[in-house]
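What follows is the residue order along each chain.
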Amino acid sequence: MLSIEKQIEKSIKSKPKGALVLPDDYLSYGSSDAVRKALDRLQDKQVIVRVAQGIYVRPKISKLIGVLTPSAEEVAAAIAKRDRIKTLPTGSYALNALGLSTQVPMNIVLLTDGSPREIRVGKRKIKFKKTTPKNLLAKGKISRLVIQALKEIGNGKVTTEEENKIVELLKKEDENDLKHDIKLAPVWVQKIMQKALIDGEK
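For the structure given in this document, a descriptive report is provided here. (Residues numbered from 1 in each chain as written. Predicted model: local features only at pLDDT ≥ 70, side-chain atom pairs only at ≥ 80, totals over all residues. Heavy atoms only, no water.)

Where helix α4 (residues 91-98) contacts helix α5 (residues 141-153), the two axes come as close as 8 Å, and the packing angle between them is 125°. One way to sum up the angle between α4 and α5 is to call them oblique. Both α4 and α5 take part in a crossing whose hand is left-handed. Each of G91, S92, A94, L95, A97 and L98 in α4 lies in contact with α5, whose residues at this interface are I142, L145, V146, Q148, A149, E152 and I153. In the contact of α4 with α5, the residues fall into nine nonpolar, three polar and one charged. (Axes fitted to C-alpha atoms, helices over the stretch in contact; angles between N-to-C directions. Helix = DSSP H or I, 4+ residues; strand = E, 2+ residues; numbered from the N terminus. Parallel < 35°, antiparallel > 145°, perpendicular 65-115°, else oblique. Left-handed = near helix turned anticlockwise from the far one by under 90°. Contact = heavy atoms within 4.5 Å. Nonpolar A, V, L, I, M, F, W, Y, C, P; charged D, E, K, R; others polar.)

One non-glycine residue, Q46, lies in the positive phi region at around 65°. Within the secondary structure, Q46 sits in the loop between α2 (32-44) and β2 (49-52). At R84, a position not held by glycine, the phi torsion is positive, near 50°. You can see R84 is positioned in the loop between α3 (72-83) and β6 (87-89).

The next thing to look at is the nonpolar core. Ranked by internal contacts, the top residues of the largest apolar core, which has 25 residues, are L98, V146, L150, L170 and M193. Elements supplying a minimum of two residues to this core: α4, α5, α6 (160-170), α7 (175-182) and α8 (187-201). The biggest single contributor to this core is α5, with seven residues. Setting aside its immediate chain neighbours within four residues, L150 contacts V158, I166, W188, V189 and I192. Counting residues in hydrophobic clusters, the runner-up holds 19 residues, among them V75, I108, V121 and F128. (Core = buried A, V, L, I, M, F, W, Y, C linked by side-chain atoms within 4.5 Å. Buried < 20%, exposed > 50% of the residue type's maximum accessible area, 1.4 Å probe, protein only.)

This next bit is on a nonpolar patch on the surface. A grouping of L64, I65 and L68 is seen on the molecular surface, where their side chains present a nonpolar patch of about 350 Å² in accessible area. You can see L64 is positioned in the loop between β4 (60-62) and β5 (66-68). (Patch = residues over 30% accessible without salt bridge, like charges linked within 9 Å, V, L, I, M, F, W, Y side chains within 5 Å. Areas by Shrake-Rupley, 256 points an atom, 1.4 Å probe, with all protein chains shown as cover. Salt bridge = Lys/Arg side-chain N within 4 Å of Asp/Glu carboxyl O.)

Relative to strand β9 (residues 124-130), strand β7 (residues 107-112) runs parallel, the two sharing six bridges. If you follow L111 over to β9, its bridge partner there is K129. When strand β8 (residues 117-121) meets β9, the two strands line up antiparallel, connected through five bridges. Bridged to R120 within β9 is K125. Two successive antiparallel strands, β8 and β9, enclose a turn made up of two residues, where G122 displays a positive phi of approximately 60°. (Pairing = 2+ DSSP bridges.)

Glancing now at the pattern of salt bridges. Counted by the stated rule, this structure contains 14 salt bridges. When the shortest N-O distance is used, the salt bridge between E5 and R41 registers 2.6 Å. With E5 in helix α1 (residues 4-13) and R41 in helix α2, this residue pair connects regions lying 36 residues apart in the sequence. Judged by relative accessible area, R41 falls into the partly exposed class, the value being 40%. The partner of D33 in a salt bridge is R36, and the shortest N-O contact between them spans 2.6 Å. Taken together, the positions of D33 and R36, both in helix α2 and three residues apart, correspond to about one turn of that helix. Given a relative accessible area of 43%, R36 falls into the partly exposed group. Through salt bridges with shared partners, a single network forms among E5, K6, E9, K13, R41 and K45.

In structure tokens:
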């Protein structure tokens with residue numbers, strides 16, 4: 001019978017390098033305390049590297065820069081999966097995700113239905129900000145980002161170039177999702193989003 005630590009180590013070593021490791025993945029192996037202690041020991045043995053509280057990675061090693069850690073975006077996605085929460089990128093993070101800004105934000109702000117908190121990943125911070133369920137009802141992967149990005153730019157401040165880019169992006173969205181999400185947006189945002197439908201229906 002392998003010890004909990006050996007079982008976890010075997011499982012981690014079967015994952016690709018760069019894969020995130022969460023204590024919850026191993027709750028079937030033993031108590032949460034036993035799993036945590038096993039992961040601490042595996043960290044000491046450098047089988048895994050801790051990237052944030054309760055989140056580890058099977059490290060990828062680069063000859064040039066050493067251990068490659070996952071991005072803050074990957075860690076945010078892992079937390080959402082672990083805690084079974086909904087999240088929605090907001091502000092400059094939404095702009096960057098849509099390609100409307102080339103600036104990678106140092107701090108990622110995510111609206112969530114989970115508990116509010118801040119997590120540091122390297123030099124970057126992930127902030128989970130509690131929001132109302134209505135803000136998380138948007139279905140479309142593109143349209144939900146567009147609503148947040150436009151709110152960040154502000155009413156009356158959207159350039160023609162930005163608007164054209166947004167309309168083009170929205171044309172790739174599932175039409176039913178887009179129609180659903182338009183109703184959730186502020187009126188001035190709705191007017192921009194509807195152009196993707198009008199153009200498509202001509």
